[in-house]
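# Per-entry structural report
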Amino acid sequence: MNLDFSPEDLAFRDEVRAFIAENYPEGLRARQEEGEEMAKEDFLSWHRTLAKKGWVAPAWPEKYGGPGWTSVQRYIWSEETARADCVPILPFGINMVGPVIYTFATPEQKERFLPPTLSGEIWWAQGYSEPGAGSDLASLKTKAERFTGDDGKEYYLVNGQKTWTTLAQHGDWIFCLVRTDPTAKIQEGISFLLIDMKSPGVTVRPIITLGGEHEVNEVWLENVKVPVENRIFDENKGWTCAKFLLAHERSGIAGVARSKRGIERIRQIASIELSDDGDALIQDPMFKRKIAELEIDLTALEYTELRTLAGEAAGKGPGPESSVLKIKGTEIQQRITELALEAAGHYGAPYFRGFPKDGDNAHPIGPDFAHRAAPTYFNVRKTSIYGGSNEIQRNIIAKMVLGL
C-alpha cells in the first residue's frame, strides 16, 4: 500500500480545494457557524452543486453517474470536504439505496430511480429499525401482503411501523424492509420495497432528541398500497440487499476524515481554554494524554480504512472489516464529543438553538463552542447504536473474521 500521493493525486487535491472554496454555498456556511438546524434546502444546496459538477457520488460506477475516481481520489475527497467543514452529503440515497439499486435492480428500476437520486430530486429515508427490531433487525414485523388490484396489476398492502427514521419529515421515498412470508425462516421471508411517502396511509411523527433537534421520526404504514414493481430483487430475498446496504453504511459511519478535523478543533479549543490551575488546558497532562490516545487510535483506524479502500480498488466490496471501521470509528467520535464537553465545563450546561439571532444584544456566556457541546455529546451517543449496534458488530467479527 503506497501512502505517497502521486503528482496527479496532488493536482486533484488542489482542484478539489479550489472547487470547494469557489462553490460552497455561503448561506449554508453561515447557518453552520450559528449552529442552526439545517432545513431541507440547506442540505440540497450543496448536493445540487456537486451533482452539477458530477461529484456527488464518489463511489458510483461511471456508467451510473459516478465520477470514475480512484480509491485514492475518494480518500482525498473525504479529507478535503472534512477539512473545509462541508455539510456531509446525506447517505441514504447516495451511499445506501443507490448502490443497492445499481447492483440488484432491473434496468427499468435503475433508469427510474438512479438519475433523480443523483440530482437530489428524490430525498430518501431509511425504513429499517422498528420497535423491537433494531440491532436484531431480522425480527422486523412490518408486513407486506400481495394482492391483485382492480386494474389487474400486482400490489403489496403494507402495514407496520418504522422508528428512528432520520429526516423522514423531508422524505420523498423510503426504502423499507418488510416481511412478505411470515412462515419462512426469520431472515428468508423479507423483501426490499421502495415506497412513495406521499402514498395514502404513510404518517410521519417527530421524535425530538435530547439536544432539541427534530432529526428522527417514527413512520407509520397503514394499508399502504405499493406496486410490486417497486420491489428490489426477488421476493423474500431482501435480506441479501439489507446486508449489502449495511456493509456500505458501516464503512461510511467510520468518519475518519471528520474525526481528524474534530481532533484539530479540540486542540484549538484546549490551547485557549484554561484548566483549574490557570494554564492552557492543552498543558494539562491528563487532557493531553486523552488527545494523544485519540490520535493514535484514529491513525490505526485510518490505516484500516486505507486497506479497505485498497481492497475496493482491487474489486473487493466491503466485508466484515466494515464492522471494525464502524466500532472504532463511532467510539472515537464519542470520545471527541466527550473532550469537547470536558473543555466547555460549566459553560456547556445551557443550550439555546440559534441563539443569538441577528440584532440580539444578549449572547450565551462562555466560549463560542460551549453552547453546542452538550447537545452534540448527547446526539453522538447514537452512533454506536445505529447501523447495527457495536455489540452486534463484535459478534459479526467473532463469527466472520475470527471463526468463533
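Basis of the calculations
- Residues numbered from 1 in each chain as written.
- Predicted model: local features only at pLDDT ≥ 70, side-chain atom pairs only at ≥ 80, totals over all residues.
- Heavy atoms only, no water.
- Helix = DSSP H or I, 4+ residues; strand = E, 2+ residues; numbered from the N terminus.
- Rg over C-alpha atoms; globule rule 2.2 N^0.38 Å.
- Buried < 20%, exposed > 50% of the residue type's maximum accessible area, 1.4 Å probe, protein only.
- Contact = heavy atoms within 4.5 Å.
- Areas by Shrake-Rupley, 256 points an atom, 1.4 Å probe, with all protein chains shown as cover.
- Axes fitted to C-alpha atoms, helices over the stretch in contact; angles between N-to-C directions.
- Left-handed = near helix turned anticlockwise from the far one by under 90°.
- Nonpolar A, V, L, I, M, F, W, Y, C, P; charged D, E, K, R; others polar.

Of regular secondary structure, the chain possesses twelve helices and eight strands. For the chain, the C-alpha radius of gyration of 22 Å lies close to 22 Å, the compact-globule estimate for 404 residues. Referenced to the eigenvectors of the C-alpha coordinate spread, the extents of the chain come out at roughly 75 × 50 × 50 Å. Among the 404 residues that make up the chain, the fraction classed as buried is 47%. A separation threshold of at least 6 residues defines the contact pool for the chain, and within that pool the share at least 24 residues apart is 71%. As presented, the chain carries roughly 19,900 Å² of accessible surface, and 53% of it is formed by carbon and sulfur atoms.

Remark: helix α10 (residues 321-344) packs on helix α12 (residues 390-401), axes separated minimally by 9 Å, with the N-to-C direction vectors making an angle of 145 degrees. Where α10 crosses over α12, the handedness of that crossing is left-handed. Taking contact as the criterion, the partners of S323, V324, K326, I327, T330 and E331 in α10 are, on α12, N390, Q393, R394, I396 and I397. Partitioned by chemical class, the residues of the contact of α10 with α12 number four nonpolar, four polar and three charged.

Once that is clear, we can look at unusual backbone geometry. Despite not being glycine, W164 has its phi angle at roughly 55 degrees, a positive value. Among the structural elements, W164 can be located in the loop between β3 (154-162) and β4 (173-179). On the accessibility criterion, W164 (54% relative accessible area) is exposed. Positive phi, close to 55 degrees, is recorded for L167, a residue that is not glycine. The topology assignment puts L167 in the loop between β3 and β4.

So, on to the packing of α10 against helix α11 (residues 370-379). Close contact between α10 and α11 brings their axes to 9 Å; oriented N to C, the two are set at 145 degrees. Of the two possible hands of crossing, α10 and α11 adopt the one that is left-handed. Residue-level inspection shows T337, E338, A340, L341 and A344 of α10 in contact with α11, the latter providing A370, A373, A374, T376 and Y377. Split into classes, the residues belonging to the contact of α10 with α11 amount to seven nonpolar, two polar and one charged.

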